[in-house]
Amino acid sequence: MAALLFSFAISLLLLAQIPTIAPAATKPVIFVFGDSLSDAGNNNHFPYSLARSDFPWYGIDYFSGLPTGRFTNGRTIGDIVAAKLGVPSPPPFMSVSINDDAILHGVNYASGGAGILNETGTYFVQKLSFDDQISYFQKTKDVITLKIGKRASEKLCNEALFLVGLGSNDYINNFLQSGLDDAKKYTITEFEDLLINTLETQLTRLHKLGARKVVFHGLSPMGCIPSQRVKSMDGGCLGYVNDYVRQFNSRVKNLIAGLNSNLPAAQMAFADCYNIVLDLINNPQVYGRTRFKISHTSCCNVDSTIGGLCLPNSQLCSNRKDYVFWDAYHPTDAANAVIANQIFDDPDVGQVHPALRNIAPSPSPR
């Protein structure tokens, strides 16, 4: 009898020590992968990175009013989506201890200057390519498995929302730079083949690590952003760059459809923001709470010849909500809100994750 009681006590003790994922399971878990459009501060931790924004005036309209490493005056699309889903923005991977329980609720791996290709953005010295980001997610999952067990870890990843947005730097900071190797080595069709084949391998790798619910953020009309307009004769959009973007988006959309057919339980969606952003640029006055007024130049008076970022000595516009673009590359907080709201109104995107189906617009921080 004593032996039975002892055995029963040990069983209770072991059960008490089994970890639970109740906090992470009650609300959506979000993992973010991307470039400077999604970076929430990872590059702050790279002392030699030339792709960083941890200085004024970045973050001036964020909750703290201080720079966080986000490449905008306020929130990224990832921040806005997290707020819509009622969860905090996932912390930058480089800012948290890998053993911190915070990783159970989601992590942001995005890095300014990152691309689909490992060679993209090498002149930024330090950044995390998409392959690097996936490797860090693999390490994260290994630790999650140690914390809560293999079955629960797999369930957490299967049910999490994965936001992925890359490709801009592969063009702007790689193929469109005539002095770089890829621009010399490939035709545009060959370069597109390289991007799509590489992306297929990467998304398949994510799937093997448990990602099922994936939203891939397509490219906007990059030929119309301020850094590209200054290269045209009349300040207009670069049509050939937009042609590249449309072709890329079309091929990624087909790739995702194929992955959904071929990978077990895959629920991936292509978030097509091209026409959303183009209309925001061409008809700014119909968007925003106070209506945008300027969409061809940036709020921050940047020098596109030395990077196009908003430097501490730059002059700001008088009303940041009037502008679609914050610097030569990145949208303002107000524009990101419009883009996020419209992307997640897309029924195809909403079907990826139950939490996305009836999300309400999120308030501005200021």
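Note that the structure is predicted; figures quoted are calculated from it, not measured.

Moving on: the pattern of salt bridges. Side-chain pairs of opposite charge can arise whenever the charged atoms involved come near each other. Taken as a whole, this structure holds twelve salt bridges when the rule is applied. Here Lys 141 ties to Glu 154 by a salt bridge, and the two come within 2.7 Å at their closest N and O atoms. Here Glu 154 lies in helix 5 (residues 150-159) and Lys 141 lies in helix 4 (residues 130-148), a separation of 13 residues in the sequence. The exposure class of Glu 154 is partly exposed, given its relative accessible area of 26%. The closest approach of N and O atoms between Arg 246 and Asp 243, which form a salt bridge, is 2.3 Å.

Another aspect to go through is the state of the cysteines. Across all of its chains, the model carries three disulfides by this definition. At a sulfur-sulfur separation of 2.1 Å, the disulfide partner of Cys 300 is Cys 310. Looking along the S-S bond of the Cys 300-Cys 310 disulfide, the torsion reads about 80 degrees, which is the right-handed sense. Within this pair, whereas Cys 300 is found in the loop between strand 6 (294-298) and strand 7 (323-325), its partner Cys 310 is found in the loop between strand 6 and strand 7, the two being separated by ten residues in sequence. Judged by its relative accessible area of 0%, Cys 300 falls in the buried class.

The next point concerns the packing of aromatic side chains. In total, this model carries 23 aromatic pairs according to the counting rule given. Seen in terms of ring centroids, Tyr 58 and Phe 71 are 6.4 Å apart; in terms of plane orientation they differ by 65 degrees. Their pairing is edge-to-face. A residue pair is termed long-range when its members are at least 10 positions apart, and Tyr 58 in the loop between strand 1 (30-34) and helix 3 (77-84) and Phe 71 in the loop between strand 1 and helix 3 qualify at 13 residues. Taken together, the aromatic side chains of Phe 31, Phe 33, Phe 93, Tyr 109, Phe 130, Tyr 136, Phe 137 and Phe 162 make up a single cluster linked through ring pairs.

Glancing now at the pairing of strand 5 (residues 267-271). A large share of strand 5 lies buried, amounting to four of its five residues. The pairing of strand 4 (residues 213-217) with strand 5 spans five bridges and is parallel. Its bridge partner being in strand 5, His 217 is matched across the sheet by Ala 271.

Of note, the amide linkage connecting Pro 56 to Trp 57 takes the cis form, showing an omega dihedral of 10 degrees. Tracing the sequence through the fold places Trp 57 in the loop between strand 1 and helix 3. One non-glycine residue, Val 125, adopts positive backbone phi at about 75 degrees. Of note, Val 125 is situated in the loop between strand 2 (106-108) and helix 4. The phi torsion at Ala 265 lies on the positive side, around 65 degrees, for a residue other than glycine. Relative to the elements of secondary structure, Ala 265 occurs in the loop between helix 10 (239-262) and strand 5.

To continue, consider the sheet that holds strand 2. Taken together, the five strands give an open sheet; going across it, the order is 2-1-3-4-5, and neighbouring strands pair in parallel fashion. The open sheet has two free edges, formed respectively by strand 2 and strand 5, since each of these has just one partner strand. Each strand axis lies, on average, 15 degrees off the axis of its neighbour in the sheet, ignoring direction. Sheet strands in contact with helix 4 are strand 1, strand 2 and strand 3 (161-165), and its direction is about 160 degrees off that of strand 1.

Before going further, it helps to spend a moment on the environment of Ile 148. Locating Ile 148 in the fold gives a position in helix 4. Considering only alpha carbons, one finds Ile 148 and Leu 104, 44 residues apart in sequence, at a separation of 9.3 Å.

Taken residue by residue, the protein chain gives an average pLDDT of 90. The fraction at 70 or more is 90%. A low-confidence stretch, residues 1-25 (pLDDT under 50), is modelled with ten contacts involving residues beyond four sequence positions or located in other chains.

Ranked by internal contacts, the top residues of the largest apolar core, which has 88 residues, are Phe 31 and Leu 206. Among the elements that take part in this core, helix 10 stands out by supplying eight residues, more than any other. Residues Phe 55, Tyr 58, Phe 71 and Cys 317 belong to the second largest nonpolar core, which totals 13 residues.

Our focus in this paragraph is the environment of Leu 238. With respect to the element layout, Leu 238 can be found in the loop between helix 9 (226-229) and helix 10. On the basis of relative accessible area, Leu 238 is assigned to the buried category, the value being 8%. Distance from Leu 238 to Gln 228, taken between C-alpha atoms, is 6.7 Å for residues ten residues apart in sequence. Look past the residues within four positions of Leu 238 in its chain and what remains in contact with it is Gly 223, Gln 228, Lys 231 and Ser 232.

Before going further, it helps to spend a moment on a nonpolar patch on the surface. Together, Tyr 48, Leu 50 and Val 125 line one region of the surface with nonpolar side chains, adding up to about 370 Å² of accessible area. Checked against the element boundaries, Leu 50 lands in the loop between strand 1 and helix 3.

Residues lying three or four places apart along an α-helix face the same way, a consequence of the helix completing one turn every 3.6 residues. Here helix 10 contains 24 residues, and its C-alpha end-to-end distance of 35 Å stays within 8% of the 34 Å for a straight helix at 1.5 Å per residue. Lining the buried residues of helix 10 we find helix 6 (168-175), helix 8 (188-208), strand 4, helix 9, strand 5 and helix 11 (274-282).

In terms of burial, helix 6 is a largely internal element, eight of the eight residues being buried. Buried within helix 6 we find Ser 168, Asn 169, Asp 170, Tyr 171, Ile 172, Asn 173, Asn 174 and Phe 175. Turning to helix 6, the residues buried within the fold contact helix 7 (181-185), helix 8, helix 9 and helix 10.

Right, let's get into the packing of helix 11 against helix 12 (residues 333-343). In contact at an axis separation of 10 Å, helix 11 and helix 12 are set at 140 degrees when each is read in the N-to-C sense. What the angle tells us is that helix 11 and helix 12 run oblique. For the crossing formed where helix 11 meets helix 12, the hand is right-handed. Residue-level inspection shows Ile 276, Val 277 and Leu 280 of helix 11 in contact with helix 12, the latter providing Ala 335, Val 338, Ile 339, Gln 342 and Ile 343. For the contact of helix 11 with helix 12, a count of residues per class yields seven nonpolar, one polar and no charged.

Conventions we followed
Residues numbered from 1 in each chain as written. Predicted model: local features only at pLDDT ≥ 70, side-chain atom pairs only at ≥ 80, totals over all residues. Heavy atoms only, no water. Salt bridge = Lys/Arg side-chain N within 4 Å of Asp/Glu carboxyl O. Helix = DSSP H or I, 4+ residues; strand = E, 2+ residues; numbered from the N terminus. Buried < 20%, exposed > 50% of the residue type's maximum accessible area, 1.4 Å probe, protein only. Disulfide = S-S within 2.5 Å. Phe/Tyr/Trp six-rings, centres within 6.5 Å; stacked < 30°, edge-to-face > 60°. Pairing = 2+ DSSP bridges. Axes fitted to C-alpha atoms, helices over the stretch in contact; angles between N-to-C directions. Contact = heavy atoms within 4.5 Å. pLDDT = per-residue confidence, 0-100. Core = buried A, V, L, I, M, F, W, Y, C linked by side-chain atoms within 4.5 Å. Patch = residues over 30% accessible without salt bridge, like charges linked within 9 Å, V, L, I, M, F, W, Y side chains within 5 Å. Areas by Shrake-Rupley, 256 points an atom, 1.4 Å probe, with all protein chains shown as cover. Expected span 1.5 Å × (residues − 1). Parallel < 35°, antiparallel > 145°, perpendicular 65-115°, else oblique. Left-handed = near helix turned anticlockwise from the far one by under 90°. Nonpolar A, V, L, I, M, F, W, Y, C, P; charged D, E, K, R; others polar.

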